[in-house]
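Architecture and fold: a report
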Amino acid sequence: MPMGRFRSLSTRLTVQFALLFAVAMLGVSAALSTFIAGSASRHVAEQLQSSGAVYDRLWQQRSRELQNAAQLLARDFGFRAAVASADAPTIQSALDNAAARLKVRSAFIVSADGRVTSIDGGISPRETERLWAPLDEGRLTGVSVLAGRPRQIVAAPVMAPNLIGWVVFAPTLEGREMRSLERLSAIPLHAAVLARSGGAWTEAAGSVSVLSPQAAASAERHMATGATFQMKVAGEKSIVLAKPLPAFAPGERAMLMLTYSKAQALADARVLQAALAVMTLLGLLLMGFATWRAAGRITQPLARLDEAAGRLASGEHVQVRVRGSDELARLAASFNEMVGRIVEREQRITQLAFNDVLTGLPNRTMFHQQLDQLFRTSEANGSLFALHCLDLDQFKVINDTLGHPAGDALLIETAQRLRHVARGHFVGRLGGDEFVVLQSVGVDRDAIDRLARDIIAAITVPVTIDGNEFVPSTSIGIAIAPDDGRDGGTLLRNADLALYRAKEAGRGTYAFFEESLNKRAQERRQLEADLRLALERGEFELHYQPLFDLEKNRVCSFEALLRWNHPKRGQISPVDFVPVAEDTGLIVAIGAWVIREACAQAARWPADVRIAVNVSPVQFHRGALHETILRALAASGLEPGRLEVEITESIFLEGSETTLRLLHALRTLGVRVALDDFGTGYSSLSYLQSFPFDKLKIDRSFIHNLLTRDGASAIVRAITELAHALNIETTAEGVEETAQLVELRAHGCSSVQGFLFAEPMTVSDVEQLFRDDRLGIRNVA
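Residues numbered from 1 in each chain as written. Predicted model: local features only at pLDDT ≥ 70, side-chain atom pairs only at ≥ 80, totals over all residues. Heavy atoms only, no water.

Observations concerning the sheet that holds strand β17 (residues 510–512)
- Reading across the sheet, the five strands line up as β12-β13-β11-β16-β17 and stay open at both edges, with mixed pairing between neighbours. Among the strands making up the open sheet, the edge pair consists of β12 (426–431) and β17. Strand-to-strand twist across the sheet, computed as the mean angle between neighbouring axes with direction ignored, equals 20°.
- Inspection of the sheet shows β12 paired to strand β13 (residues 434–441) by five bridges, in the antiparallel sense. Counted as the bridge partner of F426 is L438 from β13.
- Packing of helix α15 (residues 488–504) onto the sheet brings it into contact with β11 (384–392), β12, β16 (474–481) and β17, and relative to β16 it is tilted by some 145°. (Pairing = 2+ DSSP bridges. Helix = DSSP H or I, 4+ residues; strand = E, 2+ residues; numbered from the N terminus. Axes fitted to C-alpha atoms, helices over the stretch in contact; angles between N-to-C directions. Contact = heavy atoms within 4.5 Å.)

Examining the sheet that holds strand β2 (residues 116–118)
- Spatially, β2-β1-β5-β4-β3 is the arrangement adopted by the five strands of the open sheet, whose pairing is antiparallel. Among the strands making up the open sheet, the edge pair consists of β2 and β3 (141–146). The sheet shows a mean angle of 30° between the axes of neighbouring strands, direction not considered.
- Pairing between β3 and strand β4 (residues 149–159): six bridges, direction antiparallel. Within β4, the residue paired with T141 across the bridge is V154.
- Seen against the sheet, helix α1 (residues 9–75) touches β3, β4 and β5 (163–169) and runs at an angle of roughly 35° to β4.
- Taken strand by strand, helix α2 (residues 77–84) contacts β1 (107–111), β4 and β5, and its axis lies near 110° from that of β5.

Concerning the nonpolar core
- F558, I611, I647, F693 and V752 are the most contacted members of the largest nonpolar core, which has 77 residues in total.
- In terms of residue count, helix α18 (residues 587–602) provides more of this core than any other element does, eight residues in total.
- Residues within four places of V752 in sequence aside, it is in contact with P546, L547, F548, L550, T731, A732, V735, L741, L744 and F757.
- One finds L390, V427, I448 and I476 within the second-largest nonpolar core, a separate group that totals 29 residues. (Core = buried A, V, L, I, M, F, W, Y, C linked by side-chain atoms within 4.5 Å. Buried < 20%, exposed > 50% of the residue type's maximum accessible area, 1.4 Å probe, protein only.)

Thoughts on the layout of surface pockets
- Volume-wise, the largest pocket comes out at about 1,800 Å³.
- Y500, R507, R524, P579 and D583 are, among the 46 residues lining the largest pocket, the residues nearest its centre.
- For the lining of the largest pocket, the element with the highest residue contribution is α15, accounting for nine residues.
- Counted by class, the lining of the largest pocket contains 22 nonpolar, three polar and 21 charged residues.
- In this structure, the second largest pocket spans a volume of roughly 970 Å³.
- Those elements giving two or more residues to the lining of the second largest pocket turn out to be β19 (554–566), α17 (574–584), α18, β21 (610–614), α19 (617–622), β22 (643–647) and β23 (672–678).
- Across the lining of the second largest pocket, the residue classes break down as 16 nonpolar, ten polar and ten charged. (1 Å grid on protein atoms, 1.4 Å probe; cavity = no way out; pocket = protein on both sides within 12 Å on 5 of 7 lines; lining within 4 Å. Points joined across faces, edges and corners; volume = space filled by probe spheres on them. Nonpolar A, V, L, I, M, F, W, Y, C, P; charged D, E, K, R; others polar.)

Take a look at the structure:
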């Protein structure tokens, strides 16, 4: 089965390593088995060689013994005389004695003339005569086949003094000698002497069975090498050593054959091989078990990590046990660290998803979830809860004047105070300086008032940020569910309306939602809708209020004042609709119409009369004011110097650099710039230093109190003196009494405007004024 089909890593490791170890052990086992078999074969070969050497020594020893006896007999005088005289009885008697002494059954004399005298009747004279030729050639030892049996031939010449014959001993090569040789061997070999005569091999003695012609031929081929070889003997594979023995007669050959059964030779090796096989098998089983355990030790921690990863993927917080200090332990520790970081990151994500980054309070999303939960609880048990919506009074001013870091610090401080004072209730931040408190209410509704007062008191504690100490304040709008709203959107909207009411009430207080607030909100929405149509319907109109130059004692300019003639509601005061126009951005289009209309009208007036136009901060920051004024001047033909733009300090609170660039651009055109309502608001002198205003308009509140409040006159005098020092004109607004005029003239005010001289008038009245040449209007003091 392919390794890839195992789904278990443990199984794959076990099988893979078991196979590797099996191959290795089988290789080692095979090598050892081959070595054992080879060693056994070499041992048998050595034993056969040793036995062959022993037989050589026995052969030589027997040959020397027979040859000494033959020489002794041949040198005997009587024996030589008997041979020389052919005394057969004496010869046979001597041969009998020698044969008996040497335990040899066959002995004979071959005379030089070929006669044979033998004591063994089994050997024919013809066979003995065959020996004459080798004897005559001097061969004295060797193997020859006589009477059908191989014999060891040992001869000695008989000299008298000339050669008269040979004494020959021809003992039969008996099996007894072979058995002795077999007993002398350390291994149970089989020994035999084979002789070939007449083309056939004959076994002379021994325990080797008759060889087949093929086996004999094989033995004959290996005989000359002196090395062992293998062949089948009597049907059994054997290890064989064939040693040549000296042949006596031509055409004859002899050899010593030593055989040893290979199966018997390898019997001990087989035992070792079987033991080795058993050990190999046990080793494989042990190795398989060890591999399985080792794979388990590796894969079990991985399996636990895999299980933990699965549980982690399903959202469960898991940890794995760390054991030891190895790689797996470090992997487990890394996994736990990763889980910890994931949990920390999830908590951080949850924190960011449901909490405000700056203050740490629950954000709008969390607020709505909590609000829904309170609605469900209220619906289930009829309980009430109150929504407190609050923001910081004048927070924008703080943010703009002290910078956003200071504003952020104030928000953080506010959040901490709310969290402390509204303990037990839900406190959240919706954005900016908007905070909410959800208060569960029991039977004591006064608890709502107490919490609102506590919140206001806590917020109004002085705070120091970046070395600046100030007293923050807050206004709170309260809506109670389910009476003031049966869903989150309605309740929040009504709380916002109550917050507007609190703002209108003077800030730093709280207000409950009332149904009348809804009516006011609906009226505002209707006002917005009508305002969007007023411009295209031509419902706007400009009135012009004269400004009198106190030095020239005449009208020097007019301030254009916007009026809205509503078809149903009549004339609506700018105080009512301008804030709406600014909130909705409609003031951009309306303000552009005012500039165009004012320039067009002023172009028809005398050349020394200017026109002043109020410009909203929204026009500075949202509209293309420069292009609007440029187009209005071009369309009307009005000299830029006759147009005066009146701005308030509030335009500097947002994008002062942009504002200054725009103001300088207007001054470059020649348009005059007046700072309106000077003395109220922030009255930052840095504005006077940063831009060369043409005029300061002293707020009407100072003029109204000029004669009645201490210090008012000093303030007006300070403003006029400051303006003179900076070469800036001054205009006093709201002059209604002659005494005020006298005082202003005494302070050096440049010009005045107010009901003392004229109320705002229509364009036709202005034109009539010019026709009557009544620019002096009234003889001022």
